[in-house]
Amino acid sequence: MKLSSNDREKIDINDDDIFYKNPRYVNHLSNSFRKRLTGLYSEYLLNHYVILDLMSSWISHLPDDMRYKKVIGHGMNVDELSSNKRLNSFWVQNLNIKQNMPIEDSSIDIGLIVAGWQYLQYPEKVSLELSRIIKSDSFLIISFTNRAFWTKAPNIWTYSSEAKRIEYVCSVLSSNGWRIEKIFNEKTYEEKLFGFYSSESDPFYSVIARNNKSNN
C-alpha cells in the first residue's frame, strides 16, 4: 500500500511531545479487551524471550505469572515508562520523526504493539525497521480496537472502517518483510451486575505477522 500525503495527515499537527507531555495513568482499553490480549500473549510469549513492547506506557498487559529474559519498552512519556514494572529498560522516541531504533540487528524474539499503530504516520519505515531488529521467522503482534485519540491519528486510520484498518495493517506489513500468520477479529464482553449478564465491549483486533526477511 502506498500512502499519500493526505493519508498521513492528522488533525493535531502540533509536536507530539506536547500531547504526550503529561502522563496518563488510565486504562485506555476495556477490561475484557485487556484480558483477551493477555490471554493471547500467554500463547505466544515464552519465558526465554527478549520482548520489545513498542509504543508502550505504564502497563504492558503481560501475563502476571510469567517472567521473561528481558522486556524492552518504548514510548513517548518517560514517567509512564518508569512506572511500568514489567520493563527492564526503555527509551523515548517519536516514531513519526525518526524511525531508526537504538536496537541491534536480530536481537528481539518478539515485538508487541498495542493501540499504537493508529498513530504512525510512516508505518512502512517502522515495519521495515522492526524486520531488522526482530529475529528472522519470529513474530510481531499488533493489537488494537476501535478507540483512539482521533486528533492524533492519521487520516488513513480515522476515515477507514474497522475492516479496512485490518487490511491496512496487513498490507503495510506484507510489503515490508512480513508474512501474515493470523488475524483475530473478535467481540469482547463485559460482565455486569455480578456476572448475571454481559454487554458488548471493545472489539478485539490483532494481526500476527512473521518476519519473512533474512537478517543475514
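To start, this report covers the structure provided alongside it. Quick caveat: nothing in here was measured; it's all calculated off a predicted structure.

One can find Asn94 in the loop between strand S3 (89-92) and strand S4 (108-114). When the C-alpha positions of Asn94 and Ser57 are compared, they lie 14 Å apart, and in sequence the two are 37 residues distant. Contacts of Asn94, omitting those with residues within four sequence positions, involve Asp15, Asp16 and Met76.

This part takes up the sheet that holds strand S5 (residues 134-144). The strand order across the open sheet built from seven strands is S3-S2-S1-S4-S5-S9-S6, with neighbouring strands paired in mixed fashion. At either end of the open sheet lies a strand with only one pairing partner, and these are S3 and strand S6 (178-186). Here the strands of the sheet are splayed against their neighbours by 15° on average, with no regard to which way each runs. As paired strands, strand S1 (residues 50-54) and S4 are joined by four bridges and run parallel to one another. The residue of S4 that forms the bridge with Ile51 is Ile110. Strands in contact with helix H5 (residues 123-133) are S1, S4, S5, S6 and strand S9 (204-211); relative to S5, the strand with the most contacts, it is inclined by about 140°.

On to the nonpolar core, then. Formed by 38 residues in total, the largest nonpolar core has its most connected members in Leu52, Leu54, Trp117, Leu130 and Leu173. Contributions of two or more residues to this core are made by S1, S4, H5, S5, helix H6 (155-158), helix H7 (162-174) and S9. Of all the elements, H7 adds the most residues to this core, at six residues. Apart from the residues lying within four places of it in its own chain, the contact partners of Leu52 are Ile72, Trp91, Ile103, Ile108, Ile110, Gly111, Leu112, Leu130 and Ile133. Ranked by size, the runner-up nonpolar core spans 22 residues in total, among them Leu45, Ile51, Leu62 and Ile110.

Cut-offs and rules
- Residues numbered from 1 in each chain as written.
- Predicted model: local features only at pLDDT ≥ 70, side-chain atom pairs only at ≥ 80, totals over all residues.
- Heavy atoms only, no water.
- Helix = DSSP H or I, 4+ residues; strand = E, 2+ residues; numbered from the N terminus.
- Contact = heavy atoms within 4.5 Å.
- Pairing = 2+ DSSP bridges.
- Axes fitted to C-alpha atoms, helices over the stretch in contact; angles between N-to-C directions.
- Core = buried A, V, L, I, M, F, W, Y, C linked by side-chain atoms within 4.5 Å.
- Buried < 20%, exposed > 50% of the residue type's maximum accessible area, 1.4 Å probe, protein only.

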